[in-house]
Amino acid sequence: MSNILTVVRRDLATYFTSPIGYIFMMVYLLISVGLYITSFFTFPVADMRAYFTNLPLLLCVFIPAVTMRVWAEERKENTWEMLLTFPMQGWEIVLGKFLACFAFLAATLLATITVPVMLVVLGNPDNGAILGGYVGTLLIGGFFLSIGIFFSGFCKDQIVAFVVTLLVCFLIFLLGTNFIAGYVDGVVPGLGSLLAELVGVVDHYNAFARGVIEIGDVMYFVAWTALFLVLNMMYIEGRSRPRARLTFGGAVATCVAIGLVFNWLLTGQSFGRFDLTEDKIYTISDASKSVLSKLDVPVQVKVYITPKNKMPTGMTQLEQDITDKLDELSVASGGKLSYSTVYLEAANVLADANESLNQDKEEEKDEGKAIEKRMLDKGVEPFAVRAMSQDEFTNKLVYSSIGVAYRDKAEEIIPQVMPETLPELEYRLINTVYKLTRTKAPVVALVAPEEAVNIPPEMRQMYMQMGQPIPTSEDPYIYLQELLRHEKYDVKRVQLTKDSPLPDEYDALVVVNPRSLSDRQRWEFNRALVSGKSVVLAVQNYEWDYQTTRNGISINKREENPMVNDLLEKYGLGVDEDILMDVNHVPLTIQSGGGALAQLLGMGQTINLPIQMLLSGNSMDSETSITSHLDPIFYLWGSALKLNDEELKKHGLQAKTLISTTDKAWSVAKSAPLTQASFDPPASGKRYPVMAMVTGQFPDAFKDAPRPTWPVERPRPGEPPRPETPDNEPDAKPVTPAPGKIVLLGCSQLFRKEFLQRGSGNLDLFLNSVDAITLGDELVNVRGRKPIDRVIDMPSAGQKRLWKFVNYALTNLVIAGVGISTAVLRRRSRNAYTMTFAETED
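Please read all numbers here as calculations on a predicted model, not as lab measurements. (Residues numbered from 1 in each chain as written. Predicted model: local features only at pLDDT ≥ 70, side-chain atom pairs only at ≥ 80, totals over all residues. Heavy atoms only, no water.)

### What about the overall build of the protein?
Selection rule: In this description a helix means any DSSP run of H or I spanning at least four residues, a strand means any run of E spanning at least two, and both kinds are numbered starting from the N terminus. The cut-offs for exposure are 20% and 50% of the maximum accessible area for each residue type, with area from a 1.4 Å probe on protein chains only; residues under the lower value are buried, those over the upper are exposed, and the others partly exposed. Surface exposure here means Shrake-Rupley accessible area, sampled with a 1.4 Å probe, where a residue is shielded only by the protein chains that are shown.
Secondary structure summary: the protein contains 29 helices and 27 strands in total. Within the protein, buried positions represent 48% of all 842 residues. Carbon and sulfur atoms form 57% of the exposed surface of the protein, whose accessible area is close to 41400 Å².

### Structural notes on the packing of aromatic side chains
Quick reminder of the rule: For Phe, Tyr and Trp, where Trp contributes only its six-membered ring, two rings pair if their centres lie within 6.5 Å, and the inter-plane angle classes them as stacked under 30 degrees, edge-to-face over 60, or tilted in between. Any Lys NZ or Arg CZ that is within 6 Å of a ring centre and within 35 degrees of that ring's normal is treated as a charge sitting over the ring.
For the structure on display, the rule yields 29 aromatic pairs. When the centroid spacing of 5.9 Å and the interplanar angle of 80 degrees are considered together, the rings of Y36 and Y51 count as edge-to-face. With Y36 in helix 2 (residues 19-40) and Y51 in helix 3 (residues 49-67), the pair connects residues that are 15 residues apart, well separated along the chain. You'll find Y36 and Y51 in the same group, each marked buried. Members of the aromatic cluster, connected to one another through ring pairs, are F143, F144, F150, F151, F154, F208, Y220, F221, W224, F228 and Y235. In this arrangement the basic side chain of R69 is found over the ring face of Y15, its NZ or CZ atom lying 5.1 Å from the centre.

### Thoughts on the sheet that holds strand 13 (residues 508-512)
Quick reminder of the rule: Here a strand pair is declared whenever DSSP counts at least two bridges between the two strands. Between N-to-C directions, angles cover 0 to 180 degrees, with each direction set by a line fitted to C-alpha atoms, over the stretch in contact for helices. What makes two residues a contact is simply this: any of their non-hydrogen atoms within 4.5 Å.
What the seven strands build is an open sheet, ordered 12-9-13-14-27-26-24; its pairing is mixed. Of all the strands in the sheet, just strand 12 (490-494) and strand 24 (654-660) have a single pairing partner and so form its edges. Strand-to-strand twist across the sheet, computed as the mean angle between neighbouring axes with direction ignored, equals 15 degrees. As paired strands, strand 13 and strand 14 (residues 534-538) are joined by five bridges and run parallel to one another. Opposite V510, over in strand 14, you have V536 as the bridge partner. The sheet contacts of helix 22 (residues 478-486) involve strand 9 (443-447), strand 12 and strand 13, and relative to strand 12 the element is tilted by about 160 degrees.

### So, helix 8 (residues 127-152)
This is how it is decided: In this analysis, the expected span of each helix is defined as 1.5 Å times one less than the number of residues it contains.
Compared with the 38 Å implied by 1.5 Å per residue over 26 residues, the 37 Å span of helix 8 between its first and last C-alpha is a close match. With 22 of 26 residues buried, helix 8 lies mostly within the body of the structure.

### Topic: a nonpolar patch on the surface
Worth spelling out the cut-off: Within the patch definition used here, like charges are joined within 9 Å and nonpolar side chains (Val, Leu, Ile, Met, Phe, Trp, Tyr) within 5 Å, considering only residues with over 30% relative accessible area and no salt bridge. Within this document, salt bridges are pairs made up of a side-chain nitrogen of Lys or Arg and a carboxyl oxygen of Asp or Glu, the two lying within 4 Å of each other.
Together, I23, V27, L30, I31 and L35 give the surface a local cluster of nonpolar side chains, amounting to about 450 Å² of exposed area. Judged by its relative accessible area of 47%, L30 falls in the partly exposed class.

### What about the pairing of strand 13?
Quick note on the threshold: Consider the strands pointing away from the viewer: the crossover is right-handed when the path from the first strand over the helix to the second runs clockwise.
A large share of strand 13 lies buried, amounting to five of its five residues. Relative to strand 13, strand 9 is paired through four bridges, and the arrangement is parallel. Bridge pairing links V444 to A508 in strand 13. Handedness of the crossover joining strand 13 and strand 14 through helix 23 (residues 519-530): right-handed.

### Notes on the pattern of salt bridges
Where charged atoms from two side chains of opposite charge come close, those side chains can pair. Taken as a whole, this structure holds 27 salt bridges when the rule is applied. For R49, the salt bridge identified is with D47, shortest N-O distance 2.5 Å. Note on R49: relative accessible area 29%, which makes it partly exposed. Within the structure, one salt-bridge network assembled from shared partners comprises E451, R515, E560, R752 and E754.

In structure tokens form, the structure reads like this:
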């Protein structure tokens, strides 16, 4: 060990006794940290995945620069033979040099600590994922270091060693990318995927960047690092022996073969892993285990997938990833989940379709082709994915679906399981199992208005010429209805009118964007709460019209008049009518009047106003399942809530704020004229609640009052007044008071179809709210098991300047200062030694 430490001290000192080591570190920091910080403040997210994803490519350049001198300089300075004559073993010298390079790499990575510190100060990063990224960087860095040291031993010139190592590292990196593997597969089918599995480092490294330490990936990097160090040791010790080249060549071939066989054995195997993420999002959740433990009989899962050798290059590992997750679920369920794989080929479906006219030939088809045809009837269909074939992209039909069967119920199909949707696989499976085990689908009464549309005259004429009816309205909340039905809810869409009342029996009431509620509608709403129903209420006080003009953009406020505060105030709640603004907001692109071509090209004017609020995880309650693991929420034109603590306490109601603005938000009085100064943040703001959950026994706001009658509907333009009809309704059935629950939001725009993209925070918020008040927290907790965008509240101008200085300049200044100080001290020490030696001579 002392010999190894001696070599480590000697080689490590060479990096810091000359400017080259400090220059390497400063250049690395400027490039790696600089690239990350350059785009960071445009949309700040407390996540370093983007940083770690780019590191392997940067290390392909940086590592050869670190290792090029390790042996080449020894040979150039003629210290090679002298070093080998020291009382040290060859493996001690090689290992000492490797550890010196590794220590220099670790010191360089340590200098990037300013990035995670910045994320911790500004936001709430996943520290486990960051740690996993650094562990992966050290492992891939150690692998590249062993390659560089190996090739440095062959070269007398450092530049030659640098270029050779650079090419080898680039080759190993590129062989693991889907782009190169797909191109090679297009030339020689299967070769690119095979090389990516056996040689490529990308897949092994990406797991660390996600915050997962796979034991198999650690074994991959350690094994290859050890092999190159062993080869380097054999070359150093045997270079002067007889037939050294032949022996070394055989050793290289043997070691490479051992490494490739080892990689082949690792492929598809799981030796355990450590999930470092904060919420253990890559580990089966307790909620999933709870759902599976309640199964009376085992659930059967079938994976319908195209064989691996027929898959596009980027999807060759999809089957393994799916079955790995199913293996984990099977173990977690205690054997109550079993699965099997069914291989399907889209070519068989096409062949059957082309030969369907020839019955004799069709009967002669093998059993495999009959399976694909039967699967179509069950809803298992192939879908097109982009695949690379040599130098062009093509569409390829593949299968990748999962069927879930329970008892004698029809098999539920989970379609299009793709690599990018794998983080959602646990939820999709558990959600399907949970819904299959229910004896009855929960009934949700959905109250959401349709909107009138203004069809231009030329469009009206086009509809008439095509013989199609002219649309008079559109449904901006149609996705809510479809989404709930997809989640196996029994949705009753009503208008809450005399002709479209609430159903007699329902489990939850969802009211989105109520407008001008009548006394009768408020009575129905109050009755639901008093009787113990669970309610989601999303209110919109106003909308804004953006109009592009020659002088810019004009904005006009349009009142929605929900008229719910009269009722909510009886419970101690309310929706503030003032205009809410926040420093954390996002831009919108407003289409200009450039005609159809401008709309097609997406041309328009960007407007960035503080009424277009973005609410991040920092503003959400982490202890409530509804908001504990959400992506940012687009709170467009929303309002603040009013929570009267005294009134709530008086009625015994418990209120909990789920989402709030930042502490730099402000409001403008409803009646105040809007000026440019209205949109400028004040010197000091405050935090406003925007979403709350209230539970308890709600008081009857209409106690001892007669039931209001339904209002007479207003006639449409051009229609005669409608006669009043006598109220022949039967008496209302008495209700038994019971504790109820309401989730109240001051915005309904976030639930419009334009803002409900898959995987968005808005969509998850809606599903979480309905699931939590209807079914409980289990499904909500499972849905949150995925990576989220940890958006940071927009830093102030001063904070931006500070952290740019810290990351761009401060670290490099410290490194330069240490380098200069070391040089000065060494010079003084050398001068003092010279003077002492001169005095001794005298």
